[in-house]
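If you want the building blocks of each chain, they are given just below.
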Amino acid sequence: MKWILSFLSFLSLNSTALAVTPVVVLCLGDSLTEGLEISPDAAFPALLDKRLKKKLGPTAEALNAGISGSTSASGPSRLKFHLGSPKKPTHMILELGTNDALRGLPVTAMKKNLEDTIKIAKENKIKVLLAGMKMPPSYGPAYAKSFEEAFKLVAREQKVALIPFFLEGVAAHPEFNLPDGLHPNPQGHRIITETVWKNLEPLL
Amino acid sequence: MIWRRLAWREIINTPKFSLFFILNIALGLTGFITVTALKSSIDQSLSGKSREILGADIAVSAFRPITFDEITAFDALVPRGTRIAEESGWVSMVAAVTESSHGAPPARLMEIRAVDPTFPFYGEVAFTGEDGKPSTDPIFRQMEVEPLALAAPELYFQLDLKPGQSVKIGDQVFRLRGTIASDPSTSSASFSIAPRIYIGRKWAHQTGLIQLGSRITRTRQYALPAQFSEAQAPSDAEALEAKFKAFAKTRSDLRIRSHTSATDELGRILKFLGDYLGIIALVAIILSGIGGNFLILAHVRSKIRDLAILQSIGARPSSARWIIGWQMILLGFGGAICAVAIAAMLLPAIREILAPFLGTGIKVSIQKDSVIMALIMGTLGTPIAGLPVFMHLDGMSAATLFREHEDPSKIKNSRWLLAAAPSIAIIFGLASWQARSPKAGILFLVITGISILILAASGTILLRALAPVSRMIKQQTRWRSWPLLMALRHTRRSSQNLIVSFVTLGLCAALISAVPQIQAILTSELTSSEKTALPGLFLFDIQPEQEAPLRNFLESRNLSSGSFSPLIRARLDRINDKGIGETFDNIPGTRERQSEEQFKNRTYNLSVRGRLTGSEALAAGREFQTVTFDRTKQDLPEISLEKRFAERTGIRLDDVLEFNVQGVPVKGRVVNLRRVRWASFQPNFFVQFQKGVIDDAPRTYLGTVTETDFDTTQKLQRELAQSFSNISIVDVKASVARILSISEQVALAITAMAMLCLVAGMGVLTAITLQQSRARSYETAILKVLGASFREVYVRVLGEAAIVAFFAAATGLAISFGIAWVLSVFLFDGAWVFAAKAAVIPALLIVALTIFITMATSRMALRTKARNLLQAEL
């Protein structure tokens with residue numbers, strides 16, 4: 001009986017501990033995360049937030065920290081800003097790098113920026129899910145390949161989870177994108193949420 | 001038809017009046033024809049430039065292939081003879097092809113434009129050949145045959161290549177055939193971080209880059225047949241754009257642009273110019289109308305006895321109207337013919353004057369439409385404008401012969417309004433036609449109507465107040481200049497005539513003085529006074545930790561950096577504690593409302609600034625109470641909004657806005673609306689917070705660098721890539737220079753138009769003043785008969801004219817400030833500038849001109865025998 005009570009007490013303490021450290025998923029990204037030109041409720045962080053709450057309860061939260069036009073260079077300083085906020089993240093979906101490629105910035109520099117951001121996250125015990133990205137074939141095969149490979153390399157070297165392609169099933173499908181052909185529409189964001197959830201759930 | 005013969009005889013028998021009348025009508029219509037001709041040529045000149053930027057009259061583009069059905073539909077909308085071309089554009093890494101390269105060849109991001117051999121429809125891409133010399137080879141035709149490329153100089157610098165060498169785009173190698181020297185399609189709308197390279201469209205697929213998932217812009221360009229482009233530019237392209245858009249209403253992924261809407265800034269300039277020239281033409285017509293009406297009134301007054309005699313010997317009352325009416329038609333027609341002749345003679349000279357501003361190639365020719373309109377206005381508009389006078393002829397009888405003075409202006413207000421209605425309708429129609437907007441027509445009518453009412457009221461009050469003033473002077477001072485005292489007192493006695501003169505002069509003064517004021521407002525809006533501070537380069541994506549090192553980096557290279565503006569991304573969540581979605585829930589959803597809602601439901605780049613800069617002006621509200629937010633003194637941080645942004649979102653002063661800055665709610669109160677002079681090309685933002693509020697929020701900086709040449713820019717780009725790899729440079733020199741040159745050209749044209757209007761206005765005014773002076777001849781004769789000396793009569797007549805002219809010009813001047821303000825706010829969306837000097841000079845000229853003409857005519861009348869003067873009057 002004593003053993004049973006001790007075991008129950010242990011379980012209770014752990015569940016209390018779980019309850020006081022709610023899951024906060026920081027979605028650190030660019031316009032694909034921000035939900036450019038669509039309602040904030042339709043962007044994938046808001047949809048993810050609903051999933052989290054449904055699975056983990058009302059204290060779980062997904063924060064939209066997307067900034068349109070941002071490059072991987074902004075990652076470290078933006079993460080530091082969120083580390084100081086009352087809702088300190090426990091998980092981070094790192095979705096940066098597309099704008100680096102759109103501007104033809106060196107892939108090596110992008111890789112280093114992503115690594116620096118991940119290192120800060122890891123130092124702060126934040127679990128990282130890196131969003132892998134591909135470039136349209138029109139950017140040239142060599143650049144597109146090195147860009148895609150960079151995400152795999154970072155994930156492998158930093159030992160973090162990777163979404164192989166963040167826009168899987170969305171990119172190159174006009175019906176899931178805005179007229180600019182680049183940014184997902186609300187349906188596109190629903191697909192992204194599925195992709196993200198599939199990769200995030202094991203980390204929760 | 002005896003009245004026709006009588007009308008003709010009347011014209012012959014009164015040559016001075018007929019000449020005056022024709023001259024007056026001719027002056028006004030000359031102004032109209034000349035302004036229309038210039039408007040058309042300036043439109044053409046600027047349309048040509050805007051066409052060069054788009055490369056076509058109208059273009060349809062999409063990030064997907066344009067379907068066969070869409071092509072068929074669009075092609076069916078354009079007139080026969082329209083030239084059509086296609087273009088594909090994308091950005092891609094372009095690699096150098098060099099034999100000696102070790103490892104991977106260098107590659108840089110480039111903007112590729114795959115064009116048809118007919119490219120460009122308008123303008124010319126100037127380039128130097130492989131020998132470095134300017135070339136006139138048909139390069140775009142050659143591209144159809146061979147895999148050739150024409151590249152921006154930056155490509156050679158970045159890939160360390162020379163013309164004649166090759167680059168690889170995807171799987172295809174292209175020989176670099178030359179270097180772009182100037183490309184008219186570089187505009188503010190196409191700021192690009194990647195240098196441009198042209199290839200033939202035929203070779204685009206050979207690159208292997210156009211495949212599923214590729215981001216390619218497909219463009220279909222239309223160049224209208226020459227007769228369309230030149231005759232009615234730019235309205236044809238705009239009308240076609242509307243038709244295209246109507247077809248593509250449900251296809252939001254199709255982008256349709258006409259050359260006038262290709263760049264916002266250029267579109268705004270063209271709209272300003274169109275509205276302004278419309279106003280100038282209207283001012284010319286209204287001045288002519290005022291002059292014409294005045295002359296008819298004076299003429300009928302002088303001929304009323306003749307007409308009464310005709311009626312008393314058996315002529316029908318309608319005959320009097322027909323005689324005068326036919327006279328007006330003949331004289332009006334004569335005036336219109338003279339106007340066409342004068343305009344034809346003046347235009348070559350005006351073309352020469354404007355050549356330095358608008359280019360030597362400018363074609364200034366009389367427009368067929370304006371000639372027809374001038375003939376209609378002269379022939380039919382003149383009798384219509386004279387309708388109020390004809391109304392009076394109805395009440396004329398033999399008794400008129402026994403009255404000493406008969407004033408045809410004394411008719412009942414209700415009948416006068418009825419008679420004036422056709423003239424008002426004509427002015428409204430012309431205003432709407434000239435400004436291409438009924439809004440401008442209504443605005444102009446309302447302005448003119450209010451001005452007349454103000455002038456009539458203030459004229460009555462002022463002139464009636466002058467008689468007691470003369471009594472007061474007489475009683476309380478020793479001043480005994482009877483001619484001047486009589487002039488003062490006379491202003492009350494014959495107030496109705498004088499009020500007509502007062503209103504006429506005042507309205508002329510108001511309109512003429514308003515024109516240079518509007519010109520000052522527009523030129524200040526269009527031109528930059530800070531040319532030295534114009535940015536040459538924009539630096540993007542500067543991270544907070546890079547700000548100081550970058551400044552040092554630029555300083556160490558003696559580069560003058562402008563302001564570094566922080567950019568903080570935030571979403572507007574609530575206005576006055578109501579969620580954006582809730583704010584308009586109770587308002588029926590119109591398209592405008594939905595669009596407004598959609599505009600609000602966006603993220604913005606906020607910035608932080610303590611005070612207004614030189615390119616900003618306070619439109620409403622006050623400056624920030626303190627540069628930095630003081631929590632102890634202020635309940636909320638203060639926000640400044642750009643005026644047009646506030647209007648578009650419906651946000652007002654004192655509204656409390658709540659932004660979501662990366663998940664953190666930040667509230668602030670709108671304390672001012674700013675008017676931004678975008679022509680300064682300085683970085684600016686719709687929403688600006690007081691310092692000390694969002695200073696810790698994630699941000700990047702936007703920097704500017706001034707005065708850089710090509711080599712410096714390229715060197716800077718290379719060095720930046722090594723030290724600050726994320727920072728991108730956009731060279732805006734060419735775009736800024738292009739937009740500025742067009743703005744300045746428009747500003748100069750506007751100034752020239754203002755001068756032309758002033759000259760035309762003064763001409764009409766001369767005719768009016770001459771007629772007024774002639775009307776005073778009778779009094780001059782009476783005074784002479786009564787024994788007044790030359791000096792006494794002179795002072796009496798001149799005094800009265802000067803008093804009326806001075807007060808009318810002063811009132812008109814005051815009204816002109818109101819007109820300029822109303823037009824600047826409602827039509828030109830600009831900042832009102834207190835252009836006192838520009839306004840006062842025309843008003844002073846009006847007074848001086850009136851006095852000068854009165855002096856000249858009075859001297860002439862005084863030298864004439866009293867008997868002759870009385871005979872002329874009778």
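Calculation criteria
Residues numbered from 1 in each chain as written. Chains lettered and ligands numbered in written order. Predicted model: local features only at pLDDT ≥ 70, side-chain atom pairs only at ≥ 80, totals over all residues. Heavy atoms only, no water. Helix = DSSP H or I, 4+ residues; strand = E, 2+ residues; numbered from the N terminus. Buried < 20%, exposed > 50% of the residue type's maximum accessible area, 1.4 Å probe, protein only. Areas by Shrake-Rupley, 256 points an atom, 1.4 Å probe, with all protein chains shown as cover. Pairing = 2+ DSSP bridges. Contact = heavy atoms within 4.5 Å. Buried area = accessible area lost by both parts, 1.4 Å probe. Salt bridge = Lys/Arg side-chain N within 4 Å of Asp/Glu carboxyl O. Polar contact = N/O pair within 3.5 Å; in protein donor to acceptor, adjacent residues only side chain to side chain. Nonpolar A, V, L, I, M, F, W, Y, C, P; charged D, E, K, R; others polar. Phe/Tyr/Trp six-rings, centres within 6.5 Å; stacked < 30°, edge-to-face > 60°. Lys NZ or Arg CZ within 6 Å of the ring centre and 35° of its normal. pLDDT = per-residue confidence, 0-100. Axes fitted to C-alpha atoms, helices over the stretch in contact; angles between N-to-C directions. Left-handed = near helix turned anticlockwise from the far one by under 90°. Core = buried A, V, L, I, M, F, W, Y, C linked by side-chain atoms within 4.5 Å. Domains from an automatic or database assignment. Parallel < 35°, antiparallel > 145°, perpendicular 65-115°, else oblique.

It is worth spelling out the overall build of chain A at this point. Scanning chain A for helices and strands turns up eight helices and five strands. Walking chain A from its N terminus toward its C terminus, one meets helices and strands in the order α-β-α-α-β-α-β-α-α-β-α-β-α. The 204 residues of chain A split such that 54% are buried. With an accessible surface of roughly 9,200 Å², chain A has 63% of that area assigned to carbon and sulfur atoms.

Attention now goes to the pairing of strand E9 (residues 196-200) of chain B. Residue and element names in this part refer to chain B. With five of five residues buried, E9 is to be regarded as a mostly interior element. Burial along E9 is two-sided: the face carrying Arg-196, Tyr-198 and Gly-200 and the face carrying Ile-197 and Ile-199 are both buried. For strand E3 (residues 107-115) and E9, the ladder comprises five bridges, and the chain directions are parallel. Considered in E9, the bridge of Val-115 is made with Gly-200. In this sheet, E9 lies alongside strand E6 (residues 148-151) in antiparallel orientation, the contact comprising three bridges. Residue Ala-151 lies in a different strand from E9, and its bridge partner there is Ile-197.

Next up on the list: the interface of chain A and chain B. Tallying the contact residues gives 36 residues for chain A and 35 residues for chain B. Taking both sides of the interface into account, the surface hidden between chain A and chain B amounts to around 2,900 Å²; carbon and sulfur atoms contribute 59%. Notably, a salt bridge pairs Asp-541 of chain B with Arg-103 of chain A, separated by 3.4 Å at the nearest N-O pair. Taken together, the links from chain A to chain B amount to 13 residue pairs in polar contact (both at pLDDT 80 or more). The set of elements that each furnish at least two residues to the side of chain A that touches chain B consists of strand E2 (61-66), helix H4 (75-83) and helix H7 (141-158) of chain A. Of the residues forming the side of chain A that touches chain B, the biggest block, four residues, is contributed by H4 of chain A. In terms of residue class, the side of chain A that touches chain B is made up of 19 nonpolar, 12 polar and five charged.

Residue and element names in this part refer to chain B. The tally for this structure, following the rule as stated, stands at 14 aromatic pairs over all chains. On the numbers, 4.9 Å between centres and 15° between planes, the contact of Phe-645 with Phe-686 is stacked. Residue Phe-645 is located in helix H19 (residues 643-649), and its partner Phe-686 is located in the loop between strand E19 (664-676) and strand E20 (687-689); the two are separated by 41 residues in the primary sequence. A ring pair is formed by Phe-806 and Phe-807, whose centres lie 5.4 Å apart and whose planes are at 75°; its orientation type is edge-to-face. What makes Phe-806 partly exposed here is its relative accessible area of 47%. The rings of Phe-74, Tyr-222, Phe-244 and Phe-247 are connected pair by pair, giving a single aromatic cluster. Above the plane of the ring of Phe-564 lies Arg-551, whose end atom (NZ or CZ) is 4.1 Å from the centre. Over the ring of Phe-553 we find Arg-557, and its NZ or CZ is 3.8 Å from the ring centre.

Excluding glycine, residues mostly have negative phi values, and the peptide bonds linking residues are mostly trans. Residues and elements named next belong to chain B. The omega torsion across Phe-119 and Pro-120 is -15°, close enough to zero to call that bond cis. By the secondary structure assignment, Pro-120 is in the loop between E3 and strand E4 (126-128). The phi angle at Asp-654 is positive, at roughly 75°, despite the residue not being glycine. Topologically, Asp-654 is positioned in the loop between H19 and strand E18 (656-661).

Once that is clear, we can look at the confidence of the model for chain A. Here chain A averages 88 in pLDDT, and 90% of its residues register 70 or above. Below pLDDT 50 for its whole length, residues 7-19 of chain A participates in zero contacts with residues either more than four positions away or in separate chains.

Any two packed helices are characterised by the angle at which their axes cross and by the distance between the axes. Residue and element names in this part refer to chain B. The interhelical angle for the contact between helix H16 (residues 547-556) and helix H20 (residues 710-723), taken along N-to-C directions, is 145°, at an axis separation of 12 Å. In the packing of H16 onto H20, the handedness of the crossing is right-handed. Together, Leu-550, Phe-553 and Leu-554 of H16 and Leu-716, Glu-719, Leu-720 and Ser-723 of H20 make up the contact between the two elements. Across the contact of H16 with H20, the residue classes tally to five nonpolar, one polar and one charged.

Glancing now at the sheet that holds strand E3 (residues 91-95) of chain A. Sheet strands line up and pair through hydrogen bonds in the backbone, either parallel or antiparallel. All names here are of chain A. In space, the five strands of this open sheet follow the order E2-E1-E3-E4-E5, with parallel pairing throughout. The open sheet has two free edges, formed respectively by E2 and strand E5 (161-163), since each of these has just one partner strand. Neighbour-to-neighbour, the strand axes of this sheet turn through a mean angle of 20°, independent of strand direction. Where E3 meets strand E4 (residues 127-131), four bridges bridge the pair, whose relative direction is parallel. Bridging across to E4, His-91 finds its partner in Lys-127. Against the sheet, helix H3 (residues 44-56) contacts strand E1 (24-29), E2 and E3, and its axis sits at roughly 165° relative to E2. Packed on one face of the sheet, helix H8 (residues 186-200) meets E1, E3, E4 and E5 and runs near 160° to E5.

Before going further, it helps to examine the environment of Ile-323 of chain B. Residues and elements named next belong to chain B. Of note, Ile-323 is situated in helix H9 (residues 317-358). Placed 313 residues apart in sequence, Ile-323 and Glu-10 show a C-alpha to C-alpha distance of 8.7 Å. What Ile-323 contacts, discounting residues up to four positions off in sequence, is Trp-3, Leu-6, Ala-7, Leu-307 and Leu-310.

Let us look at the nonpolar core. Residues and elements named next belong to chain B. Ranked by size, the top nonpolar core spans 70 residues in total, and within it Phe-21 and Phe-444 carry the most contacts. When residues of this core are assigned to domains, at least three fall in each of domain 1 (1-55 + 286-407) and domain 3 (437-534 + 733-874). Among residues more than four places away in sequence, those in contact with Phe-444 are Ile-279, Leu-282, Val-283, Ile-286, Ala-431 and Leu-511.

A few words on the pattern of salt bridges. Where charged atoms from two side chains of opposite charge come close, those side chains can pair. Within this structure, the stated rule accounts for 33 salt bridges over all chains. Across the pair Arg-51 of chain A and Glu-194 of chain A runs a salt bridge, and its minimum N-O distance is 2.2 Å. With Arg-51 of chain A in helix H3 and Glu-194 of chain A in helix H8, this pair connects stretches of sequence that are 143 residues apart. A residue is classified by how much of its surface remains accessible, and Arg-51 of chain A, at 27% relative accessible area, is partly exposed. For Glu-194 of chain A, a relative accessible area of 43% puts it in the partly exposed group. Residue Arg-251 of chain B is joined to Glu-70 of chain B by a salt bridge in which the shortest nitrogen-to-oxygen separation is 2.9 Å. Of this pair, Arg-251 of chain B sits in the loop between helix H7 (235-247) and strand E11 (255-258) while Glu-70 of chain B sits in helix H3 (residues 68-77), and the two are 181 residues apart along the sequence.

Right, let's get into the confidence of the model for chain B. As a note on interpretation, predicted positions should not be read in detail where pLDDT is low. Residue and element names in this part refer to chain B. For chain B, mean pLDDT is 77; residues scoring 70 or higher make up 74% of the total. Across residues 582-592, where pLDDT falls below 50, the model places eight contacts with residues more than four positions away in sequence or in other chains. For this predicted complex, the interface confidence comes out at an ipTM of 0.79, alongside a pTM of 0.68.

Let us now look at the environment of Asn-185 of chain A. Residue and element names in this part refer to chain A. Mapped onto the secondary structure, Asn-185 falls in the loop between E5 and H8. With a relative accessible area of 9%, Asn-185 lands in the buried category. Linking Asn-185 and Pro-174, residues 11 residues apart in sequence, is a C-alpha distance of 9.4 Å. Filtering out sequence-adjacent residues up to four positions away, Asn-185 remains in contact with Ile-38, Glu-175, Phe-176, Asn-177 and Leu-178. Polar contacts involving the side chain of Asn-185 include one to the main-chain amide nitrogen of Gln-187, which spans 3.1 Å.

All right, on to the packing of H3 of chain A against H8 of chain A then. All names here are of chain A. For the pair H3 and H8, interaxial distance at closest approach is 9 Å and the crossing angle is 45°. In this view, H3 runs oblique relative to H8, as classed from their interaxial angle. For the pair H3 and H8, the sense of crossing is right-handed. Along the contact surface, H3 presents Phe-44, Leu-47, Leu-48, Arg-51, Leu-52 and Lys-55, while H8 presents His-189, Arg-190, Ile-192, Thr-193, Glu-194, Val-196, Trp-197 and Leu-200. Broken down by class, the residue content of the contact of H3 with H8 amounts to eight nonpolar, two polar and four charged.

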